[in-house]
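# Examining the three-dimensional arrangement
So you can see what is in the structure, the chains are spelled out below.
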Amino acid sequence: MTDTTAGGDVRLAGISKTYGSFTAVHPLDLTVPQGSFFALLGASGCGKTTTLRMIAGLEDPTTGTVSLGERDVTALPPHKRPVNTVFQSYALFPHLNIHENIAFGLRRRGVTSVKKQVAEMLDLVQLGDFAHRKPHQLSGGQQQRVAVARALINHPQVLLLDEPLGALDLKLRRQMQLELKRIQTEVGITFVHVTHDQEEAMTMADTVAVMNGGRVEQLGAPAELYEHPRTTFVANFLGTSNLIEAEVVDAGSGEVVVTAGGGKLRLPGERCPEGVRTGSRLLVGVRPEKIALTPAAEADSVAPGRNTVTGRIAASSFIGVSTQYVVESPAGKALEVYVQNVEQRAGLVPGAEVVLHWSPEHTFGLDAAQDIAAGVESVEETP
Ligand SMILES: Nc1ncnc2c1ncn2[C@@H]1O[C@H](COP(=O)(O)OP(=O)(O)O)[C@@H](O)[C@H]1O
Ligand SMILES: [Mg+2]
């Protein structure tokens, strides 16, 4: 339905924004491939909205250019760009019914026969039965779908979404995430979605750019970012990571061996930063769900070749699908372990001595010069 052939990628080249002496967005090069669902993810204040507003033309970049395909649109005002934005506060016209809200963009351009296109849009967002209602007669999620339809009827090449689901409660937000994903797949136009919610970004986007302090720290597919974080911020902000301070004792052939808390751990050399050598320090990371727990008395049953750390369970919380443990150990004060709720394990209670073990392949190494807790607080701040 939408003509996307004329579109092309969104290309940001050296784009930056400073307010006085404060740099909100550092020079940024970024290409959003045509037709992709792209998420800008980061804590409040990291420059997401500013970046989006520069794409929309609502903010002049201090340096750099914005292009759509081959076309440099940096000098174009917002209404001349083939771009529409959906905000958190969707601001539908309260006195107009849903049909007229969606038709608004067409009417403004002087299109008189809007019926067919509006009906298509109502179908797309599955609100066909609501055409004659007023906005206040719809739920928050339905209103947000009207806002999406109202933007898409203009056939933008790019739809920008700035925390569009932020005002919705958790359950509705989950529904709308899937709904927006379906709509994007159906219309095939480029979506650039801004959110501070890492789960939302990972659920919806093909590619996620993790922003921190006005910079993109890492960009990739959700699974790639999750499994191969390259910075402590990404490791901590996207899910939970156990980061262990370690010293390299052998950086030899393909495998790196470190000591941490008196024990040895192994990890693949290709999962370590460049320039790792014997004697250098390293932050060794492993995700909580990759770790298994065995009572210390059964330590002999742990398969050889696994990374092992001994510790004591400090806390456990049963959350249905899994039990989350916090384990104190010489390698880390509060290691987190998520054990899937498949079988009850007697003996895994607070105070118990345990062995934590995981595959060396699930271990990653990060540059030890970074703040080990970067990105941890940012998660707690989010509502
Ligand atoms: N008009 C402005 N004047 C001064 N500072 C601004 C202005 N707009 C945004 N900022 C600052 O730029 C930073 C990035 O803001 P923003 O892009 O809105 O972040 P995000 O959307 O990631 O929460 C923030 O520190 C914010 O206070
Ligand atoms: Mg914002």
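Residues numbered from 1 in each chain as written. Chains lettered and ligands numbered in written order. Predicted model: local features only at pLDDT ≥ 70, side-chain atom pairs only at ≥ 80, totals over all residues.

### Focus: the overall build of the protein
As a reminder of what qualifies: Segments assigned H or I by DSSP are reported as helices when at least four residues long, segments assigned E as strands when at least two residues long, and all are numbered from the N terminus. For the purpose of contact definition, each residue receives a C-beta atom placed from its backbone, and two residues are in contact when these atoms lie within 7 Å.
Scanning the protein for helices and strands turns up nine helices and 20 strands. If you take every contact in the protein between residues at least 6 apart in sequence, the share linking residues at least 24 apart comes to 67%.

### What about helix 4 (residues 140-152)?
Selection rule: In this analysis, the expected span of each helix is defined as 1.5 Å times one less than the number of residues it contains. The exposure label follows from counting other C-beta atoms within 10 Å of a residue's C-beta, where the C-beta atoms are placed from the backbone and the thresholds are 20 or more for buried and 12 or fewer for exposed, leaving partly exposed in between.
For helix 4, built from 13 residues, the straight-helix expectation of 18 Å at 1.5 Å per residue is met to within 8% by its first-to-last C-alpha distance of 18 Å. Residues of helix 4 that are buried include every one of Q143, Q144, R145, V146, A147, V148, A149, R150, A151 and L152, and no others. Buried residues in helix 4 make contact with strand 6 (83-87), helix 2 (98-108), helix 3 (115-124), strand 7 (158-162) and helix 5 (170-187).

### A short note on the sheet that holds strand 10 (residues 215-220)
Stated precisely, the cut-off is as follows: Strands are labelled as partners when DSSP assigns at least two bridges between them. In this analysis an axis means a line fitted to C-alpha atoms, helices contributing only their contacting stretch, and an angle means the value between N-to-C directions, from 0 to 180 degrees.
What the six strands build is an open sheet, ordered 6-7-8-3-9-10; its pairing is mixed. Unpaired on one side and paired on the other, strand 6 and strand 10 mark the two borders of the sheet. With direction set aside, neighbouring strand axes in the sheet form an average angle of 20°. As judged from the five bridges shared by strand 6 and strand 7, these two strands associate in the parallel manner. By the bridge assignment for strand 7, N84 is matched with L159.

### What to know about the site of ligand 1
We apply this condition: Here, nearness means that the C-beta atom of a residue, built from backbone geometry, sits within 6 Å of the molecule or strand in question. Following the grouping adopted for this structure description, the nonpolar residues are Ala, Val, Leu, Ile, Met, Phe, Trp, Tyr, Cys and Pro, the charged ones are Asp, Glu, Lys and Arg, and the polar ones are all others, Gly among them.
In the region of ligand 1, the neighbouring residues are Y19, F22, A24, G42, S44, G45, C46, G47, K48, T49 and T50. Element by element, the count of residues in the shell around ligand 1 is highest for helix 1 (residues 48-56), at three residues. Broken down by class, the residue content of the shell around ligand 1 amounts to four nonpolar, six polar and one charged.

### Details of the packing of helix 2 against helix 4
Filter applied, for reference: For this classification, under 35 degrees means roughly parallel, over 145 means roughly antiparallel, 65 to 115 means roughly perpendicular, and everything else is oblique. Crossing handedness is read from the near helix: turned anticlockwise from the far helix by less than a right angle, it gives a left-handed crossing, and turned clockwise, a right-handed one.
Closest axis-to-axis distance for the helix 2/helix 4 pair is 7 Å, and the angle between their directions is 30°. Taken together, the axis directions place helix 2 and helix 4 in an arrangement best described as roughly parallel. Judged by the twist between their axes, the crossing of helix 2 over helix 4 is right-handed. Residues I98, N101, I102, F104 and G105 of helix 2 lie in contact with helix 4, whose contacting residues are V146, A149 and R150. The residue inventory of the contact of helix 2 with helix 4, partitioned by class, reads five nonpolar, two polar and one charged.

### Some details on the domain arrangement of the protein
To be explicit about the condition: Domain start and stop positions are those given by an automatic or database domain assignment.
With domains assigned, the protein is organised as domain 1 (10-227) and domain 2 (241-381). Between domain 1 and domain 2, the C-alpha centre-to-centre distance is 39 Å.

### Topic: helix 1
Burial analysis of helix 1 places seven of its nine residues in the buried class, which makes it a mostly covered element. With its phi angle positive at about 90°, G57 sits one or two positions after the end of helix 1.

### Thoughts on the environment of N242
Along the chain, N242 falls in strand 11 (residues 242-250). The class of N242 is buried, set by 24 C-beta atoms lying within 10 Å. Placed 43 residues apart in sequence, N242 and G285 show a C-alpha to C-alpha distance of 5.4 Å. Leaving out residues up to four positions away in the same chain, N242 has contacts with G285, V286, P288, G332, L335 and E336.

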